[in-house]
Amino acid sequence: SVYYESLCPDSKKFFTQQLYPSLQGNLSSFVNLILVPYGKSKSTFDVNQYQFECHHGVNECYGNKIQACALKLIDGGNNTPDFGFNKVSLGFINCLMDKADKNGQVIFPTKDCALYNHVSNLNEIDNCANHTDASNYLAMFGSMTDAVQNPLKSVPTIVFNNQFKQADTDMAQTNFVNALCQYIHGDQPAECTRNGAFSPQVGLGLLLLAAVLRFC
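Residues numbered from 1 in each chain as written. Predicted model: local features only at pLDDT ≥ 70, side-chain atom pairs only at ≥ 80, totals over all residues. Heavy atoms only, no water.

Colleague: Sorry, what's going on with the nonpolar core here?
Modeller: Side chains of nonpolar character tend, in soluble globular proteins, to be buried together. Counting residues in hydrophobic clusters, the biggest one holds 41 residues, and the most contacted among them are V2, F15, L19, L23, L33, L35 and F176. Among the secondary structure elements, those contributing two or more residues to this core are β1 (2-4), α1 (9-22), β2 (35-37), α2 (58-73), α3 (87-99), α6 (132-148), α7 (166-174) and α8 (176-181). Element by element, the count of residues in this core is highest for α8, at five residues. Those residues in contact with F15, other than ones at most four positions away along the chain, are V2, Y4, Y20, P21, L35, L90, I93, N94 and M97. By size, the runner-up hydrophobic cluster in this structure holds 20 residues, among which are C69, L96, C113 and L122. (Core = buried A, V, L, I, M, F, W, Y, C linked by side-chain atoms within 4.5 Å. Buried < 20%, exposed > 50% of the residue type's maximum accessible area, 1.4 Å probe, protein only. Helix = DSSP H or I, 4+ residues; strand = E, 2+ residues; numbered from the N terminus. Contact = heavy atoms within 4.5 Å.)

Colleague: How do you make sense of the sheet that holds β2 when you look at a structure like this?
Modeller: The pairing of strands in a sheet comes from backbone hydrogen bonds and takes either a parallel or an antiparallel form. Pairing is mixed across the open sheet formed by three strands, whose spatial order is β2-β1-β5. Every other strand in the sheet has two partners, leaving β2 and β5 (157-158) as the edge strands with one partner each. As judged from the three bridges shared by β1 and β2, these two strands associate in the parallel manner. The residue of β2 that forms the bridge with Y3 is V36. The strands that α1 touches are β1, β2 and β5; relative to β1, the one it contacts most, it runs at about 145°. (Pairing = 2+ DSSP bridges. Axes fitted to C-alpha atoms, helices over the stretch in contact; angles between N-to-C directions.)

Colleague: Teacher, can you tell me more about the state of the cysteines here?
Modeller: Working definition of a disulfide: a covalent bond connecting the sulfur atoms of two cysteines. The full count for this structure, using the stated rule, is five disulfides. The disulfide that involves C8 links it to C216, with 1.9 Å between the sulfurs. In this structure the cystine formed by C8 and C216 twists about its S-S bond by roughly 105°; its chirality is therefore right-handed. Taken together, the positions of C8 in the loop between β1 and α1 and C216 in the segment after α10 (200-211) put the pair 208 residues apart, joining distant regions of the chain. With a sulfur-sulfur separation of 2.1 Å, C54 is cross-linked through a disulfide to C61. Taking the sign of the torsion about the S-S bond as the criterion, the disulfide between C54 and C61, at about 115°, is right-handed. Here C54 and C61 have matching classes, each one buried. When the bonded cysteines of the protein are numbered from the N-terminus onward, they pair as 1-10, 2-3, 4-7, 5-6, 8-9. (Disulfide = S-S within 2.5 Å.)

Here's what the structure looks like:
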């Protein structure tokens, strides 16, 4: 499970340099991936719908809503056959994370990312993002985030097997493959043995490096 924010620089780095590239090969069949776009946001219920205060401002709230709607609506929220996640959703969100521009006129290039990743229902996603459905989805993701850690201390937070461990989150920032491979027992995919399998010595070095990093 990945708990993140749509405009967090560290979330962008994790998606584009660790998570997405790592899941383009054999590792994709070993992961049941849950994406939770909420992070350090706060929510209140006002009259008819939830209102949000997001870590990086109102644009991030909208970006979180776009991604929440995409996760629910692309292929009906179903996983791609033989995968533990939806490949189209992951590609679309990775594109949004990579191309989001805090200072530009187009903050989230949904049209370009939809075209590149063959998202066929962008209009439905856009309508959802401006509807109370998005607020309800985001509130649900908020509850999921609070259940892991309340308040969330760092973004992104990466959790394996529903058990939060700070060491896992820290390691995944610099080497998601090694962080994942320590949980794959039995016959491991080639990615786990390439360039050296996970070992306590390697893990310790990664954790020491991660300890000096500052996250959103």
